[in-house]
Amino acid sequence: MRSRLSPAQEQAILDTAMQLVAEVGYDLTSIDEIARRARASKATIYRRWKSKADLVFAGLLRGAKRPSEVSIGASLREDFILALGAFCATVTAGKDLLIGLMSVFHVHPELWRLVREQFVKREQENVIGVLERAVARGEIPAMPKDPTAIIEVAMALTSHRLLLLRAPLDADFVTYVVDDVLLPLLDAQLIRSPRRTAGPASPSSPPEAKPAARKRRSD
């Protein structure tokens with residue numbers, strides 16, 4: 001039988017589990033300590049969630065369902081800066097939880113699948129939305145061949161800076177990644193991809209692509 005937890009009690013248990021994983025890591029997180037901090041019985045927790053992994057999975061899923069609020073800019077560059085800035089703020093806020101889960105993704109693949117399908121997919125959709133708006137505004141001629149590569153590169157740089165370099169994901173970092181990495185990467189994809197035209201291109205003409213419109217930083 002499912003326990004009769006109120007929405008507030010369930011949220012308190014999930015929040016406690018996430019806080020504990022962030023503090024001590026997944027391996028040292030225990031149902032006993034979650035129950036003690038949330039002022040709930042172990043029996044109640046186990047009637048609602050069959051294991052610690054199931055409980056942590058539910059906590060991550062609850063967090064993943066919270067909508068990401070990303071502002072829309074007036075240009076491709078501004079859109080990129082706003083989207084990456086929002087992503088960096090989310091990663092920074094959840095840094096301790098991410099570190100606490102890093103060691104168990106290979107042991108509990110369902111946790112990694114959740115992170116990939118819920119968090120990564122959401123960011124990919126945000127980037128695709130940015131690119132679609134740029135096409136509609138005429139800033140780029142078409143969608144790039146591999147738009148997901150843009151978010152993969154951004155995530156790799158973000159993770160490296162935050163987890164390995166332990167450096168802040170500040171506005172200077174966001175501007176650097178957008179101006180010196182993501183926009184040049186987008187330009188390269190557009191140049192390599194044949195531009196769609198009504199008629200065949202001239203054999204003597206090089207492939208054309210409109211560079212991603214942007215305003216560079218003033219040095």
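Our subject in this report is the structure included herewith. (Residues numbered from 1 in each chain as written. Predicted model: local features only at pLDDT ≥ 70, side-chain atom pairs only at ≥ 80, totals over all residues. Heavy atoms only, no water.)

Here's the deal with the overall build of the protein chain
What counts, and what does not: Helix numbers and strand numbers start at the N terminus; a helix is a DSSP run of H or I with at least 4 residues, a strand a run of E with at least 2. Type-normalised accessible area, obtained with a 1.4 Å probe on protein chains alone, sets the label of each residue: buried when under 20%, exposed when over 50%, and partly exposed for intermediate values. A contact between two residues is defined here by any heavy atoms of the two lying within 4.5 Å. All accessible areas in this document rest on Shrake-Rupley with a 1.4 Å probe, and a residue is counted as covered only by the protein chains that are shown.
When you go through the protein chain residue by residue, the secondary structure sums to 9 helices and 0 strands. Traced from its N-terminal end to its C-terminal end, the protein chain shows the element sequence α-α-α-α-α-α-α-α-α. In the protein chain, which comprises 219 residues, the proportion classed as buried is 39%. Taking as baseline every contact in the protein chain between residues at least 6 positions apart, the subset at least 24 positions apart corresponds to 72%. Carbon and sulfur atoms make up 55% of the accessible area of the protein chain, which amounts to about 12900 Å² in all.

Section: the packing of aromatic side chains
Let me state the cut-off plainly: Stacked, edge-to-face and tilted labels apply to pairs of Phe, Tyr and Trp rings (six-membered ring for Trp) whose centres lie within 6.5 Å, assigned for plane angles under 30 degrees, over 60, and everything in between, in that order. Criterion for a charge above a ring: Lys NZ or Arg CZ within 6 Å of the ring centre, and within 35 degrees of the ring normal.
A complete count under the given rule lists 0 aromatic pairs for this structure. Directly above the ring of Tyr-26 sits Lys-52, whose terminal nitrogen or CZ lies 4.3 Å from the centroid.

Observations regarding the pattern of salt bridges
Quick note on the threshold: Any Lys or Arg side-chain nitrogen located within 4 Å of an Asp or Glu carboxyl oxygen qualifies as a salt bridge.
In this structure the tally under the stated criterion is 9 salt bridges. Residue Glu-23 pairs with Arg-37 through a salt bridge whose shortest N-O separation is 3.0 Å. Here Glu-23, found in helix α1 (residues 7-24), pairs with Arg-37, found in helix α2 (residues 31-38); they are 14 residues apart in sequence, far enough to count as distant. Given the relative accessible area of 51%, Glu-23 is considered exposed. The exposure class assigned to Arg-37 is partly exposed, which follows from its relative accessible area of 34%. Among the ionic pairs, Asp-32 bridges to Lys-42, the shortest N-O distance being 3.2 Å. Here Lys-42 lies in helix α3 (residues 42-48) and Asp-32 lies in helix α2, a separation of 10 residues in the sequence. On the accessibility criterion, Asp-32 (46% relative accessible area) is partly exposed.

Considerations on the side chain of Gln-124
By the element assignment, Gln-124 lies in helix α7 (residues 109-137). Not counting residues within four places of it along the chain, the set of residues in contact with Gln-124 comprises Thr-148 and Ile-151.

Structural notes on the side chain of Glu-139
Heads up, the rule is: Contacts described as polar in this section are N or O atom pairs within 3.5 Å, which, within protein, must combine one atom able to donate a hydrogen with one able to accept it, while residues neighboring in sequence count only if both atoms come from side chains.
Assignment of secondary structure puts Glu-139 in the loop between α7 and α8 (148-164). Polar contacts involving the side chain of Glu-139 include one to the main-chain amide nitrogen of Leu-76, which spans 3.0 Å.

Some thoughts on the environment of Gln-124
Take Gln-124: its relative accessible area is 18%, and that puts it in the buried class. In the structure, Gln-124 is positioned 25 residues away from Ala-149 in sequence and 9.2 Å away in space, judged by C-alpha atoms.

Digging into the nonpolar core
Convention followed: Residues belong to one nonpolar core when they are buried, are Ala, Val, Leu, Ile, Met, Phe, Trp, Tyr or Cys, and are joined through side-chain atoms within 4.5 Å.
Judged by nonpolar contacts, the single largest core of 29 residues is most densely connected at Leu-76, Phe-80, Leu-84, Leu-131 and Leu-186. Secondary-structure elements contributing two or more residues to this core are α5 (76-93), α7, α8 and α9 (171-192). Sort the elements by how many residues they give to this core and α9 lands first, with 9 residues. Counting 27 residues, the second largest nonpolar core, distinct from the first, contains Leu-14, Met-18, Ala-35 and Leu-111.

Thoughts on the packing of α5 against α8
Stated formally: Every angle, taken between N-to-C directions, lies between 0 and 180 degrees, and every axis is a line fitted to C-alpha atoms, over only the stretch in contact when it is a helix. The scheme is simple: roughly parallel for angles under 35 degrees, roughly antiparallel for over 145, roughly perpendicular for 65 to 115, oblique for anything else. Here a crossing is taken to be left-handed if its near helix is turned anticlockwise relative to the far helix by less than a right angle, and right-handed if that turn runs clockwise. Each residue is assigned to one class: nonpolar for Ala, Val, Leu, Ile, Met, Phe, Trp, Tyr, Cys and Pro, charged for Asp, Glu, Lys and Arg, and polar for all the others, Gly among them.
In the contact formed by α5 and α8, the axes pass within 11 Å of each other and the chain directions differ by 45°. As far as their axial angle goes, α8 and α5 are oblique. α8 is crossed by α5, and the crossing has right-handed handedness. Mapping the contact onto sequence places Phe-80, Leu-84, Phe-87, Cys-88 and Val-91 in α5 and Ile-150, Ala-154, Met-155, Thr-158 and Leu-162 in α8. Classifying every residue of the contact of α5 with α8 by side-chain character gives 9 nonpolar, 1 polar and no charged.

Focus: the packing of α1 against helix α6 (residues 95-102)
Relative orientation of the contacting elements α1 and α6 amounts to 70°, with a least axis distance of 7 Å. Classed by the angle they form, the pair α1 and α6 counts as roughly perpendicular. In contact with Met-18, Val-21 and Ala-22 of α1, α6 contributes Asp-96, Leu-97, Gly-100 and Leu-101. A per-class count over the contact of α1 with α6 returns 5 nonpolar, 1 polar and 1 charged.

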